[in-house]
Amino acid sequence: MVSEKDVAHIAGLADIGIEKEELAEFTGRFNEILDYFDILDQVEPGSRGETDLVNVFRDDVVEASLPEDEVLANTREKEDGFFRAPRVM
Amino acid sequence: MTETAGTTGQENRVMDFSDDEVIIGLEIHCQLDTLTKLFCGCSTDYRDDGPNTHVCPICLGLPGSLPRVNRKAIEYALRVAKALNCTIIEESEFARKNYFYPDLNKGFQITQYDRPLAVRGYLDIEGDDGEKRVRITRVHVEEDPGRLVHKGGADRAKYTLVDYNRAGIPLIEIVTEPDIRSPKEARKFLNKLRATLEYLGVFDSEKEGSLRVDANISIQPKGWFTREGKGKADRGRAEVKNISSYKGVEKALTFEVTRQKNALRRGQRLGTETRHFVETRGITTSSRSKEMEQDYRYFPEPDLRPLQVCSWAEEIVLPELPDARRARFLTQYGCSPIHARTLTGDLRVAEFYEHIATIDPVLAATWVADTLLGELNYRDMGVSRVSPESFRELIVLVKEGSVTDKGGVEVLRSLLDQIKESGSCETPGECVGRLGLRVLERTGETGADDDPVAKAAREVIAEQPQAVADFHAGKKEAFNFLVGQVMKKTRGRAKPADVNQVLSGILGKEG
Amino acid sequence: MPTLTFSPKDRYNAFITTLNEAGTGPGKLSGIGIAVKDNISTSGIPTTCASRILEGYIPPFDAHVVTLLKKAGAGIVGKTNMDEFGMGTTTENSAFGPTKNPADPSRVPGGSSGGSAAAIAAGMVRMALGTDTGGSIRCPAAFCGIVGHKPTYGRVSRYGLIAYANSLEQIGPMARTVSDISLLMEILTAYDPRDSTSINCPYAHTPDPDVHGLKIGVPEEYFGEGVDPRVASVVWEGISLLERKGAEIITCRMPSMAYALAAYYVTCTSEASSNLARFDGVRYGHPADTKLQWHESFQDRRRNGFGTEVKRRIMLGTFALSSGYYGKYYAKAQAARQQVRTDFLRLFRSVDVIAGPTMPTVAFRLGEKTDPLSMYLSDILTVPANLAGIPAISVPCGTSEGLPVGLQIMGPHFRDERVIDVAYAYELGVAR
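All figures in this text were calculated on a predicted structure; none of them were measured in a lab.

Visitor: Just checking my understanding: could you explain the overall build of chain A for this structure?
Guide: Helix and strand content of chain A: 3 helices and 3 strands. Reading the secondary structure of chain A in the N-to-C direction produces α-α-β-α-β-β. Judged by the C-alpha coordinates and their principal axes, chain A covers about 50 × 45 × 20 Å. A total of 89 residues make up chain A; the buried ones form 31% of that total.

Rendered as structure tokens:
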């Protein structure tokens, strides 16, 4: 069982805004689903299985980068070629 | 960081710090010198270009783009792992490290977690107490995040500017065991590591931001890390993040040693703390709020397939590494152990030396290791700025006696100044001529009128009657003084042996 | 280049974006208008994943499959509605409103590729692309009465598909007939080295309806608890038809089915929690609010930009990967996934294909399913194929309560041809 506090903590970890009013409903649903997931407790921890496809590489050859106008085409928040993001401090 | 003033005096008496040991472990990130990024074909040669000019859907993290592993980056990493005597993991894989920050193009960083490329290696270094082995915990490959810029400084900027040119540059992360015992030893380790990486041809230390270090440092009672010492209390530690220069590492660690010792002396508990190195002030500061408890939620990167590279690693033939080259310099060139270490400590220096060693290996070793490196260091220049052909010519002039040792140094300084100023310089021969430093060749018999050394000697004798008198009175120092005066008059161009001979000849006759 | 005009009356809300004119060219798909699910990148055409968070995003590149369709002469006529990021079984979780089922507009079309299925079922397009993470092609195909194929994992490049759960999902064809599915497979399987998880295994095949001697495995679990008996009996009839055509029916068991759904939901939510972190508004999409601090802005965006189900799955995945729970959830889900794979490999040693219903019920009424767990449970029959990475097709096999029912046929890895042959045999058998 997870509590509303746990769910709020997970929301913090996921950096996702959950409204206070949503919390109870979310927690209830969460617990139903987690109860269902408990069936996995019966699974023996196993090997990852054989890997058929390995070592997929590309050669170290320069390819064209995106044209500068396309790089910044999808945002309004730009300045001197930089993207503008909210401050981190 | 709060001071707990109340406890200081008392604890001071009970705690004994005479037997302390500094414990340092390093986590080093180096950029691998590939042509393209780790997961896309964008060029890594972005340093002279504007922001966001070397980006594509993959390194911008556009939805729907998929990473592709650069074979060269893995090969380079394998070279490093082998050179560090690591065990290559049979099947390794990439993993996602999830955290939210604008320098991350995808909201996660592709790195390696519980199945890294290689583990359990070592690097032998010249430690504080002689040869020592620093164990390597793991070596893995990951992508560099983008670069954040704060106009007007981090404190005042209203927003963050992001440049993804650096995003996706291949990094190798090398983690050591806590085997390093002093800041100086940490620097030596890094120097050796850098040399090794450069010998391997996988790393260019001259590129800005190519190496970054996180250092774990604590001060513990001696033996704390050995089995017997395990019972003793842990005194806490600091992780100093993101030190971006070699000199910075020693500075930051030296600061930490002092800070932690002082704190322990005052009876403070240190706990575990993340700190940042403020390069401009040479100090570390606590980064409290930001690094709350991080949970990176690693899981295998589903867009990439695992690596099985053991047999590939076996096929890779490593080039000569610093230790082997040092041994060779001892035997092949007869270098002194100190010269051999200095000359092989940097790939460019070693190659530079080998270019000119054929003239006279020992003379060349002295000139490169003692003279050239000192002069370069003084001018904050790298050896790559000097043409070996030009330097070779200078050594030849010295060796054949066309210029004295002292004159040679004067020429070197002038040439280096020219290079620093304009990027190019005259030939050593031209420089010798311009500065008038060509050794004065004696002409004819001792005392001949046209012999420049004899001329200078006669002038000195005329100018220094007192010294001459002292000499005749039997004072030996007076002779040395007169030799010095002749050297000065010839501006070092006369050979000391000639001056001796000429001077004693003339004075003898007079006597 | 000839153009194709497309101005449909979209009565079922099948499209998010329609293009009135689409260029076409010569090739196997010359002149055919194709609808593309809106989580597949189309250069110059908005690609939203039916989410507000991608509002205004215009990809600067085409997904590999879109490039292939264009090269084959097809015209891209529109981007179809879906559950946000593919998270749903009904196409109700869309920022652009639900799609309705053309077979009965009071019902859902299934999801998450509901728009593509509805567009075909309503006759607006002949073929469409969908994506299938846990049944998202097959479910709407079954509910709308069309054909939908989830290829073997790795057979079709995912380059340009906006990821929901990378290790599970494939792009695949949807159409009215098996022949068209086969035709699309020929185009879509051209190799693309940009997807490191894909394999160069082109599909060059003409469907062959001969099922003489074919061994069809029918797992008991596909007719067990939770499967509507009326649906089950319709599907049994379909399987019997194949038997009459010469196939041999072998009942079998798939014990790992007990864990499959949980393994699926743990895996897909874990991957999703990471995939959906990139929508921070810095590089594209609705711009980030630079007046706020980074984390405030990020949280705001996610709160307002994602629907409830997406938030729920991000939270579930975050929890499943978080320290202390990774072993209980993610690691166990991978072990269970391995068991599912092992079960299929074992079964395919004695049978050629496995058959059963695609969905346990017929299409739900719009708004009928409100609690997430019961919604998840309706994916029980489709997720095993995704967990194992095997090919699976859904072909219409009659009706129950007047609503379409799908017959699902699964085959061994890279035997998409066989699965398509069996579906073709069924289709022809019904037609005669």
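So much for the structure itself; the text now carries on.
Visitor: I'm lost on the interface of chain B and chain C in this one. Help?
Guide: Taken together, the contact between chain B and chain C spans 25 residues of the former and 33 residues of the latter. Within the residue set of the side of chain B that touches chain C, elements represented by two or more residues are β4 (95-98) and β9 (159-163) of chain B. Among the residues forming the side of chain B that touches chain C, the class breakdown is 14 nonpolar, 4 polar and 7 charged.

Visitor: Before we go on, may I ask you to explain the interface of chain A and chain C in this structure?
Guide: Note on interface size: it is often stated as the accessible area lost on association of the parts. Across the boundary between the two partners, chain A contributes 39 residues, which contact 49 residues of chain C. Of all the elements in the fold, those that place two or more residues in the side of chain A that touches chain C are α1 (4-13), α2 (20-37) and β3 (82-86) of chain A. With 6 residues, the single largest contributor to the side of chain A that touches chain C is α2(A).

Visitor: I would appreciate a short explanation of the sheet that holds strand β7 (residues 147-150) of chain C in the present structure.
Guide: Picture the strands of a sheet paired through backbone hydrogen bonds; they go either parallel or antiparallel. Residues and elements named next belong to chain C. Taken in spatial order, the 11 strands of this open sheet run β2-β5-β4-β6-β8-β7-β12-β13-β11-β9-β10, and their pairing is mixed. Every other strand in the sheet has two partners, leaving β2 (15-18) and β10 (248-252) as the edge strands with one partner each. Averaged over all neighbouring strand pairs, the angle between strand axes comes to 30°, with direction disregarded. Sheet topology note: the strand β12 (residues 392-400)/strand β13 (residues 403-410) ladder contains 7 bridges and is antiparallel. When the sheet's bridge partners are listed, Ala392 is paired in β13 with Met410. Sheet strands in contact with helix α4 (residues 178-188) are β6 (127-132), β7, β8 (170-175) and β12, and its direction is about 145° off that of β8. The strands that helix α12 (residues 416-431) touches are β7, β11 (353-357), β12 and β13; relative to β12, the one it contacts most, it runs at about 20°.

Visitor: When you look at the nonpolar core in this model, what are you seeing that I'm missing?
Guide: Soluble, globular proteins show a tendency: their nonpolar side chains are buried together. Ranked by internal contacts, the top residues of the largest apolar core, which has 291 residues, are Ala77(B), Val80(B), Val139(B), Ala215(B), Ile34(C), Ala263(C) and Ala423(C). Other than its neighbours up to four places away in sequence, Ile34(C) contacts Leu69(C), Ala74(C), Gly75(C), Ile76(C), Val77(C), Val125(C), Met127(C), Ala128(C) and Leu129(C).

Visitor: Is there a simple way to explain helix α12 (residues 428-435) of chain B in this structure?
Guide: An α-helix turns once every 3.6 residues. As a result, residues three or four positions apart point the same way. Residue and element names in this part refer to chain B. Turning to α12, its buried residues are Pro428, Cys431 and Val432. One face of α12 carries all of its buried residues, which in axial projection span an arc of 100°. Residues Glu430, Gly433 and Arg434 are exposed on α12 and point more than 90 degrees away from its buried face. The secondary structure elements touched by the buried residues of α12 are α10 (388-399) and α11 (405-422).

Visitor: Is there a simple way to think about the sheet that holds strand β1 (residues 20-31) of chain B in this case?
Guide: Residue and element names in this part refer to chain B. The strand order across the open sheet formed by 9 strands is β3-β6-β7-β10-β1-β11-β12-β13-β14, and the pairing between neighbours is mixed. The open sheet has two free edges, formed respectively by β3 (87-88) and β14 (283-286), since each of these has just one partner strand. Sheet topology places strand β7 (residues 130-143) next to strand β10 (residues 170-176); 7 bridges connect them, and they run antiparallel. Bridge pairing in β10 places Val141 opposite Ile172. Sheet contacts for helix α3 (residues 183-199): β1, β6 (118-127), β7 and β11 (211-221); angle to β6, the most-contacted strand, approximately 115°. Across the sheet, helix α4 (residues 246-265) is in contact with β1, β11, β12 (237-243), β13 (272-278) and β14; its angle to β11 comes to roughly 25°.

Visitor: Is there a simple way to think about unusual backbone geometry in this case?
Guide: Outside of glycine, negative phi angles account for most residues, and trans bonds account for most peptide bonds. Residue and element names in this part refer to chain C. The omega torsion of the bond from Gly111 to Ser112 falls at 10°, within 30 degrees of zero and hence cis. Residues other than glycine seldom take positive phi values, yet Cys49 does so here, at roughly 55°. Counting through the fold element by element, Cys49 comes out in the loop between β4 (33-37) and α1 (64-71). Cys49 sits in the buried class, given 31 other C-beta atoms within 10 Å. Unlike most non-glycine residues, Phe414 shows phi in positive territory, near 60°. Here Phe414 shows up in the loop between β13 and α12. On the neighbour-count criterion, Phe414 (18 C-beta atoms within 10 Å) is partly exposed.

Visitor: When you look at the environment of Glu389(B) in this model, what are you seeing that I'm missing?
Guide: All names here are of chain B. Counting through the fold element by element, Glu389 comes out in helix α10. We classify Glu389 as exposed; it has 10 C-beta atoms within 10 Å. Distance in space between the C-alpha atoms of Glu389 and Thr427 is 9.6 Å, their sequence separation being 38 residues.

What counts and what doesn't
- Here, residues in each chain are numbered from 1, in the same order as that chain's written sequence.
- Lettering of chains starts at A and numbering of ligands starts at 1, both following the order in which they are written.
- Reporting of local features is limited, given that this is a predicted model, to residues whose pLDDT is at least 70; pairs of side-chain atoms are given and counted only at 80 or more, and all residues count toward the totals for whole chains, interfaces and linings.
- Each helix is a run of H or I in the DSSP string that is no shorter than four residues. Each strand is a run of E no shorter than two, and both are numbered from the N terminus.
- The burial label depends on the number of other C-beta atoms within 10 Å of a residue's C-beta. Counts of 20 or more mean buried, 12 or fewer mean exposed, and intermediate counts mean partly exposed, with C-beta atoms placed from the backbone.
- A pair of residues counts as a contact when their C-beta atoms, built from backbone coordinates, are within 7 Å of each other.
- Gly counts as polar in this scheme, as do all residues outside two lists: the nonpolar Ala, Val, Leu, Ile, Met, Phe, Trp, Tyr, Cys and Pro, and the charged Asp, Glu, Lys and Arg.
- Strand pairing is defined by DSSP finding a minimum of two bridges between the two strands.
- All axes are obtained by fitting lines to C-alpha atoms, using only the stretch in contact for helices, and the reported angles, taken between N-to-C directions, cover 0 to 180 degrees.
- Put simply, a nonpolar core is a cluster of buried Ala, Val, Leu, Ile, Met, Phe, Trp, Tyr and Cys residues tied together by C-beta atoms within 7 Å.
- Each C-beta atom gives one direction from the helix axis, and the arc is the one those directions make.

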